[in-house]
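Structural overview
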Amino acid sequence: MALALGATTLAVGVAQAPAIGPSFRDEVMADNPAGYWRLGEASGITAYDETASGNSGTYLQAVTLGVPGALATELNSAARFDGGSGRVSVTDPASGALDVGTGDFTVEAWVKTTLNGERALVSKRDATRYWQVTVTDDGSRTGQLRANVFDGVVSREVYSLHRVDNGVWHHIAILFDRDAGIRFYVDGVSSGFTVAPVPGDLGNAAPFMVAKSSGYGNLNGDVDEVALYKSLLPVERVQAHYYAG
């Protein structure tokens, strides 16, 4: 309404609500992920891929579905892994959609855990070549993220600066620049860059795994919103994802 005071009119009303921005899913899909698993299923054994490729995975063994998720902005649940046998396995597609080859790539997820012990968060690993991300227990690096890459000749092992094992949700993004090195972001903030070029082909026939990597302990904790990109996400896009959540 308005109050007329002489020649002056004062507008009186309800304050405008702030504009609602894109959802977390919208932000992820805008960056063309090669695979995106929300892990929001309430039941069943299928972890659906949100992309057109449709490379859905299978929940195996001790996974609890429907636990409270990471996103404050969306009612979308997460998956809880028992640290023993629970995992998600996505069969390697014949199309090569989940093989990064010799190109740059980014891995993204939300994770909540209190255990380290070199627990696998996400991987694609066989005996010949691989990449993987774990929550490490290496010496002074305990609780930090560790990324390992092996192209059949060159092997790299690098760490984030921040710990993620304090029992609260953390948004993580790991950027693998094949000519330069590996960069970490934790909760939208840079968490270290290490010069670590890996020029060779990382393609392999192994499944894409969540909460598991061959030869490593399974993650004990909650995981949400896992995505793989065949590109390096710019920092402003990493931060857009984090703040959308």
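Residues numbered from 1 in each chain as written. Predicted model: local features only at pLDDT ≥ 70, side-chain atom pairs only at ≥ 80, totals over all residues. Heavy atoms only, no water.

**Quick look at the overall build of the chain**
- Counting its regular elements, the chain contains two helices and 19 strands.
- With the C-alpha coordinates of the chain rotated into their principal frame, the extents come out at 85 × 40 × 40 Å.
- Evaluated residue by residue, the chain yields a buried proportion of 50% over its 245 residues.
- The contacts in the chain between residues at least 6 apart in sequence include a share of 62% that link residues at least 24 apart.
- In the structure as shown, the chain presents an accessible area of about 10,700 Å², 53% of it carried by carbon and sulfur atoms.
- Averaging the coordinates of the 18 positive side-chain charges in the chain and doing the same for the 27 negative ones gives two points 5 Å apart. (Helix = DSSP H or I, 4+ residues; strand = E, 2+ residues; numbered from the N terminus. Buried < 20%, exposed > 50% of the residue type's maximum accessible area, 1.4 Å probe, protein only. Contact = heavy atoms within 4.5 Å. Areas by Shrake-Rupley, 256 points an atom, 1.4 Å probe, with all protein chains shown as cover. Lys, Arg positive; Asp, Glu negative; His and termini not counted. Charge placed at Lys NZ, Arg CZ, Asp CG, Glu CD.)

**What to know about the nonpolar core**
- Counting 42 residues, the largest nonpolar core has Leu 39, Trp 131, Ile 172, Phe 176, Phe 208, Val 210 and Val 226 as the members making the most contacts within it.
- Residue contributions to this core peak at four residues, all from strand β9 (residues 105-113).
- In this structure, Phe 208 is in contact with Trp 37, Val 88, Ser 89, Val 90, Leu 98, Val 122, Ser 123, Lys 124, Trp 131, Val 226 and Leu 228, ignoring residues within four places of it in sequence.
- Leu 71, Ala 78, Tyr 185 and Val 238 belong to the second-largest nonpolar core, a separate cluster that totals 17 residues. (Core = buried A, V, L, I, M, F, W, Y, C linked by side-chain atoms within 4.5 Å.)

**Topic: the side chain of Arg 178**
- Tracing the backbone through its elements, the reader meets Arg 178 in the loop between β14 (170-177) and β15 (181-186).
- There is no salt bridge for the buried Arg 178, and the closest opposite charge comes from Asp 151, which lies 5.3 Å off by N-O distance.
- There is a polar contact of 3.1 Å between the side chain of Arg 178 and the backbone oxygen of Gly 103.
- A distance of 2.9 Å separates a polar side-chain atom of Arg 178 from the backbone oxygen of Val 198. (Salt bridge = Lys/Arg side-chain N within 4 Å of Asp/Glu carboxyl O. Polar contact = N/O pair within 3.5 Å; in protein donor to acceptor, adjacent residues only side chain to side chain.)

**Some words on the confidence of the model for the chain**
- Looking at the chain, the pLDDT average stands at 92 and 92% of residues meet or exceed 70.
- With pLDDT under 50 throughout, residues 1-19 is counted as low confidence; its partners more than four residues away or in other chains account for 11 contacts. (pLDDT = per-residue confidence, 0-100.)

**Brief notes about the packing of aromatic side chains**
- Per the counting criterion, the structure on display carries nine aromatic pairs.
- Arranged with centres 4.6 Å apart and planes meeting at 25°, the rings of Trp 37 and Phe 208 form a pair that is stacked. Taken together, the residues span a long stretch of sequence, with Trp 37 in strand β3 (residues 35-37) and Phe 208 in strand β17 (residues 208-210) at a distance of 171 residues. You'll find Trp 37 and Phe 208 in the same group, each marked buried.
- Residues Tyr 130 and Phe 150 carry aromatic rings whose centres are separated by 5.8 Å and whose planes lie at 40° to one another, so their mutual orientation is tilted. Remark: Phe 150 occurs in strand β12 (residues 144-150) and Tyr 130 occurs in strand β11 (residues 130-135); sequence separation between them is 20 residues.
- Accessibility expressed as a relative area gives 21% for Phe 150, which makes it partly exposed.
- Ring pairing ties together the aromatic residues Trp 37, Phe 105, Trp 131, Phe 176 and Phe 208, which thus form one cluster. (Phe/Tyr/Trp six-rings, centres within 6.5 Å; stacked < 30°, edge-to-face > 60°.)

**Overview of the environment of Val 235**
- Along the chain, Val 235 turns up in helix α2 (residues 235-244).
- Accessibility expressed as a relative area gives 34% for Val 235, which makes it partly exposed.
- Linking Val 235 and Asp 222, residues 13 residues apart in sequence, is a C-alpha distance of 25 Å.

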